[in-house]
Amino acid sequence: MPNSSTLSVPACTDTPRHLAIIMDGNGRWATKRFLPRTAGHMRGVQAVRRVVEACGRRGVEYLTLFAFSSENWRRPKEEVSLLMRLFMQTLEKQVGKLEEQGVRLRIVGDLSPFEPRLQALIRAAEERTAHNSTLNLTIAANYGGRWDILQAMRKLLAAQPGLASQPDAIDEAQLAQYLSMAYAPEPDLFIRTGGEQRISNFLIWQLAYTELYFSDDYWPDFGAKNIDAAFEWYRTRERRFGRTSAQVASQT
Ligand code: FPP
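Residues numbered from 1 in each chain as written. Predicted model: local features only at pLDDT ≥ 70, side-chain atom pairs only at ≥ 80, totals over all residues. Heavy atoms only, no water.

Undergrad: Help me understand the overall build of the protein chain, please; the structure alone is not making it clear to me.
TA: Check the secondary structure of the protein chain and you find eight helices and six strands. The linear arrangement of helices and strands in the protein chain, starting from the amino end, is β-α-α-β-α-β-α-β-α-α-β-β-α-α. Over its C-alpha atoms the protein chain spans a radius of gyration of 19 Å, differing by no more than 12% from the 18 Å that the globule rule assigns to 252 residues. Considering only C-alpha atoms, the protein chain reaches an extent of 50 × 45 × 35 Å along its principal axes. Split into buried and exposed, the 252 residues of the protein chain put 48% on the buried side. Across the protein chain, contacts joining residues at least 24 apart in sequence account for 76% of those joining residues at least 6 apart. Split by element, the accessible area of the protein chain, about 12,700 Å² in all, is 50% carbon and sulfur. (Helix = DSSP H or I, 4+ residues; strand = E, 2+ residues; numbered from the N terminus. Rg over C-alpha atoms; globule rule 2.2 N^0.38 Å. Buried < 20%, exposed > 50% of the residue type's maximum accessible area, 1.4 Å probe, protein only. Contact = heavy atoms within 4.5 Å. Areas by Shrake-Rupley, 256 points an atom, 1.4 Å probe, with all protein chains shown as cover.)

Here it is in structure tokens:
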């Protein structure tokens, strides 16, 4: 894993290199307007477009959005199928634009329960944008942090079965290379919209030293101005990674 915050102190930049977002509040945005919850998800797609563009312009290298958690299957059937249809439509409509903007798209999560057409669209969109590097956009879909750690452990043991009888030989870096976002540095900044202050099983390994920012705004209202406010707050943070303030000051 590049730049593990527990194995070494990562370099810090004014603009987060990696921003991870829980896009919460779509349902409440809609309910407040006497609209069905699904209308909030549809407006949420517009916020995704605004935030991708704002991050690209501000030099963010990695943007990771939590679109559907392992636990979201518990929602009403109609809402789950609307969300699936939205993913498909968005992939079909937006991939050309992402391609033009230099965005590389990856989807992480357990994709096996998704219908074959959605899986094929995901693969095609990933392949079509694979040569891009301006912004690495990751959509976490049917993703859970615990699922990720488990699948990484299973892959590690499958690759090196001998480790099962020598558990002490397993180290952090070995396991981390099998996490689904091993290609990215750990998030510098995490944003959750919608007023809740929880991690909700998102990137639980990678958020070890991430700065956490909670906004009361609902996701459909989120845009460039909110990103600027979050980045301004981020710049005020002293990122110590376990060190003292004096140590941090003497390093700069
Ligand atoms: C949380 O709001 C949002 C979701 C579970 C879905 C997020 C999906 C989108 C923003 C649209 C599609 C995204 C892509 C990338 C195509 P909530 O429904 O939990 O809101 P609530 O807490 O107000 O009920």
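Undergrad: What is the right way to read the packing of helix 3 (residues 77-100) against helix 4 (residues 116-128) from this model?
TA: Pairs of packed helices are described in terms of their axes, by the angle between the two and the distance that separates them. At a minimum axis separation of 10 Å, helix 3 and helix 4 run at an interaxial angle of 15°. With respect to their mutual orientation, helix 3 and helix 4 come out roughly parallel. Remark: the crossing between helix 3 and helix 4 carries left-handed chirality. Across the interface between the two elements, Met 84, Phe 87, Met 88, Leu 91, Glu 92, Val 95, Gly 96 and Glu 99 from helix 3 touch Arg 117, Leu 118, Leu 121, Ile 122, Ala 125 and Arg 128 from helix 4. In the contact of helix 3 with helix 4, the residues fall into nine nonpolar, one polar and four charged. (Axes fitted to C-alpha atoms, helices over the stretch in contact; angles between N-to-C directions. Parallel < 35°, antiparallel > 145°, perpendicular 65-115°, else oblique. Left-handed = near helix turned anticlockwise from the far one by under 90°. Nonpolar A, V, L, I, M, F, W, Y, C, P; charged D, E, K, R; others polar.)

Undergrad: What exactly am I supposed to notice about the environment of Leu 156 here?
TA: Mapped onto the elements, Leu 156 comes out in helix 5 (residues 145-159). With relative accessibility at 0%, the residue Leu 156 sits in the buried group. On a C-alpha basis, the gap between Leu 156 and Leu 179 in space is 9.8 Å, while along the polypeptide they are 23 residues apart. What Leu 156 contacts, discounting residues up to four positions off in sequence, is Leu 163, Ile 170, Gln 174, Leu 175 and Tyr 178.

Undergrad: It is not clear to me how the site of the ligand should be interpreted in this structure. Could you clarify?
TA: Lining the immediate surroundings of the ligand are 17 residues, of which Asp 24, Gly 27, Arg 28, Arg 37 and Arg 75 lie closest. Within the side chain of Asp 24, an N or O atom sits 2.9 Å from an oxygen atom of the ligand. One of the backbone nitrogen or oxygen atoms of Gly 25 is found 3.3 Å away from an oxygen atom of the ligand. When the ligand sits alone it has 630 Å² of accessible area, and the protein chains cover 91% of it. In terms of residue class, the shell around the ligand is built from seven nonpolar, six polar and four charged. (Near = heavy atom within 4 Å. Polar contact = N/O pair within 3.5 Å; in protein donor to acceptor, adjacent residues only side chain to side chain.)

Undergrad: Even after reading the chapter, I still don't get the pattern of salt bridges, so can you show me in this structure?
TA: Pairing is possible between side chains of opposite charge, provided their charged atoms come close. Within this structure, the stated rule accounts for 14 salt bridges. Arg 28 serves as the salt-bridge partner of Glu 196, at 3.9 Å between the closest nitrogen and oxygen. Note that Glu 196 is positioned in the loop between strand 5 (189-192) and strand 6 (211-214) and Arg 28 in helix 1 (residues 26-32), a separation of 168 residues in sequence. In this structure, Arg 117 engages Glu 92 in a salt bridge whose closest nitrogen and oxygen atoms are separated by 3.3 Å. Of the two residues, Arg 117 sits in helix 4 while Glu 92 sits in helix 3, which places them 25 residues apart along the sequence. (Salt bridge = Lys/Arg side-chain N within 4 Å of Asp/Glu carboxyl O.)

Undergrad: What's the story with the nonpolar core in this structure? I'm lost.
TA: A general trend in soluble globular proteins is that nonpolar side chains are found buried together. Membership of the largest hydrophobic core comes to 42 residues, with the highest contact counts inside it found for Leu 19, Ile 21, Leu 63, Leu 137, Ile 191 and Ile 227. Per-element accounting of this core gives the leading share, eight residues, to helix 3. Apart from residues no more than four positions distant in its own chain, Ile 227 is found in contact with Leu 19, Ile 21, Val 51, Cys 55, Arg 58, Ile 191 and Phe 222. Core analysis: the second largest hydrophobic core is formed by 13 residues, Ala 20, Ile 22, Ala 140 and Phe 190 among them. (Core = buried A, V, L, I, M, F, W, Y, C linked by side-chain atoms within 4.5 Å.)

Undergrad: Looking at this model, I keep getting lost on the environment of Pro 116. Mind explaining?
TA: Structurally, the position occupied by Pro 116 is in helix 4. Once the C-alpha coordinates of Pro 116 and Gly 59 are considered, the two residues, 57 residues apart in sequence, prove to be 35 Å apart.

Undergrad: Looking at this structure, I do not really get the pairing of strand 4 (residues 135-143). What am I missing?
TA: Each regular strand carries side chains that alternate between the two faces of the sheet. Judged by how many residues are buried, strand 4 sits mostly within the fold: nine of nine residues are covered. For strand 2 (residues 62-69) and strand 4, the ladder comprises seven bridges, and the chain directions are parallel. Paired with Leu 63 across the bridge in strand 4 is Leu 137. Pairing analysis gives six bridges linking strand 3 (residues 103-108) to strand 4, with the strands arranged parallel. The residue bridging Leu 105 from the neighbouring strand is Leu 137, located in strand 4. (Pairing = 2+ DSSP bridges.)

None of the figures reported here should be taken as evidence of function without further support.
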